[in-house]
Amino acid sequence: MGPLTARLLMQRGRPKSDRLGKIRSLDLSRLNLLSEHLDPKLLSRLKQLQELDLSYNLLETLPPNLGLPHLRILRCANNQLGDVTALSQFPHLEELSLEGNPFLTVNDNLKVSFLLPKLRKVNGKDASSTCAQMENLNRELMNRVTAHWEKFVAALGPGKETKKAQADFVKSAVRDVCYGPDSLREFTQWRARLVSLKRPDDVPLNLPSTKRACNFPSAQTEGGPSGPDSSQPALQLEPLHFLQCHSRNNSPQDLKTQLWACAFEPAWEEGHSGATSQTVATCGGEAVCVIDCQTGIVLHKYKAPGEEFFSVAWTALTVVTQAGHKKRWNVLAAAGLRGLVRLLHVRAGFCCGVIRAHKKAIATLCFSPIHETHLFTASYDKRIILWDIGVPNRDYEFQASQLLTLDSTSIPLRLCPVAPYPDAYLLAGCEGGCCCWDVRLDQPQKRRVCEVEFIFSAGSQAPGQRVDGLAFVNEDVVASKGSGLGTICLWSWSQTWAGRGSQSPVAVVVLAQLQWSSTELAYFSLSACPEKGVVLCGDEEGSVWIYDVGHILKQPPPQLAAPQAPVQILKWPQPLALGQPVTKTMVNTVVANSALTYLTALTDSNIIAVWRRC
């Protein structure tokens, strides 16, 4: 479709007229329109236009000066819009349709409510609840920006340049003023910027030279009572939320649905050092939930009747629109009993692809840290398959292709790309031990057997027992669990790999042992927080074992040293369910976000526990 013409507008306008100024309703849907096709000079001649349909086009933005002063109804469904701020040019808008724009989020819904005060319907639904939420957020943000402004002014020294100080204040307000769940951070930053530019008039910026800056005490060093290992301080963690959002039929009496895996969403602040997310995906039973850890709000819930989900994994895709612009898009993969992988666009609320990956249940899956579209799936059929999920087409559908098949001698339970060589080797904890495959795509074989099996006890000639926990703690050190009762093993990948020779199995080079529960029960998954040098694992009593292994990474203890005690054990807080305390539960998995500000534990009793670092 080329630029719009007056003739086309008169053909598609109602009532029929030979004058653009008399058209009240205009249908421009399904014309493959790009944003540059909306000519403001032409459209501004529609002086009486009240209803405009732009659905099913390729619009990424709306021009800011369309000049439609009487527009009351606007339909922009099924486009590629990534921003809604241009809607402020339609102050009399009463009805708006934006569904099917996958790059818009809940932040944009709140922006719409703020920008369009007369809006009554959004996507066919009453807009009053969203407006009320926006007003509450806006009120609290105004208070917080005002308080931040007062502190900022008090801390200014004499002679501070006015323009420079105002610019610094706007930056600091956008960075430091926080309120509401992480999923609304983009909205709060947007509002904080606008409020900051209109700082309160009753607090003058120009300070008299006699006024001194206030001295605020610096933040106290985090610490706490010593844990079982008295040489390391315990983290200050408080239980924050207990959620029962995976219940079958939403029944509060469901304390039996087992919850298996969780993963924190990739942070949205691309390129920002230290960026972390507080949004976590959890799976168990027939549901996948996406939860904001700060508020405990279940942001999204996806259900597949007849399914039992065992694993979830995120990837951040870079999608190029038809106009050539790049968009970042977080996609969640979920899999389980039926052998299917579902690719979920959680922010838009739909499943945009299904991969029929295996004929048996999928135990676990993970994305490559190097190739954003490469997904490993591990199944009870004793196979691991590497898929390329590709990028979605214009209808946001995926077409996955199979790249490799890796055969295992036992069921693979945990997958872990080898940290220093993630595009070359894949490590797996299996029912029969720990194995490694060559996954380089420049090799000719598309079906491969295990290259190396690892053993954990000196003198043994056979692979070890079940390995049901596996994670890289840094670029070299691996944490694994299951090969020895009551311990977690820390071993060196580089030293083990260097000594493999031509033999298999290969004995791992153990750096240290971590003391853990002496239970004979299995399938408690461990995780690592590499940025903090922390290893986490749940147990059969509902406790969370926390190990600070930073000192071990710097200087491993002597080989015959006793197992290292955890720095802390978080005891089960015994929340109430149906009026009774839940006193006995198993923590199947526990994961922290990269900054270790939130910790999420999943249990056998349909309870998600969220802790927050104080």
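Quick caveat, the model's predicted, so the values are computed rather than measured.

## Quick look at the sheet that holds strand β20 (residues 401–407)
Then, in step 1: What the 5 strands build is an open sheet, ordered β17-β18-β19-β20-β24; its pairing is mixed. Edge positions in the sheet fall to β17 (362–367) and β24 (447–449), since each has one partner strand and no second. Strand-to-strand twist across the sheet, computed as the mean angle between neighbouring axes with direction ignored, equals 20 degrees.
Then, in step 2: Judged from the 5 bridges that link them, strand β18 (residues 374–379) and strand β19 (residues 383–388) form a sheet pairing that is antiparallel. Looking across to β19, one finds that alanine 378 is bridged to isoleucine 384.

## Details of the pairing of β18
Regular strands place their side chains on alternate faces of the sheet.
Then, in step 1: With 6 of 6 residues buried, β18 lies mostly within the body of the structure.
Then, in step 2: Alternating positions in β18 separate into two faces, His374, Phe376 and Ala378 on one and Leu375, Thr377 and Ser379 on the other, with burial throughout.
Then, in step 3: Summarising the sheet, β17 and β18 pair through 5 bridges and their orientation is antiparallel. In the strand pairing of β18, cysteine 366 is matched with phenylalanine 376.
Then, in step 4: The hairpin turn running from β17 into β18, its antiparallel successor, is 6 residues long.
Then, in step 5: If you look at the hairpin formed by β18 and β19, you'll find 3 residues sitting between the two strands, and lysine 382 has a positive phi there, around 65 degrees.

## A look at unusual backbone geometry
Then, in step 1: Residues arginine 14 and proline 15 are joined by a peptide bond in cis, for which omega reads -5 degrees.
Then, in step 2: By secondary structure assignment, the location of proline 15 is in the loop between β1 (13–14) and β2 (25–27).
Then, in step 3: The backbone of asparagine 123 sits at a positive phi, close to 55 degrees, despite the residue not being glycine.
Then, in step 4: Residue position: asparagine 123 is located in the loop between β6 (121–122) and β7 (125–126).
Then, in step 5: A residue is classified by how much of its surface remains accessible, and asparagine 123, at 30% relative accessible area, is partly exposed.

Each value, and the rule that gives it
Residues numbered from 1 in each chain as written. Predicted model: local features only at pLDDT ≥ 70, side-chain atom pairs only at ≥ 80, totals over all residues. Heavy atoms only, no water. Pairing = 2+ DSSP bridges. Helix = DSSP H or I, 4+ residues; strand = E, 2+ residues; numbered from the N terminus. Axes fitted to C-alpha atoms, helices over the stretch in contact; angles between N-to-C directions. Buried < 20%, exposed > 50% of the residue type's maximum accessible area, 1.4 Å probe, protein only.

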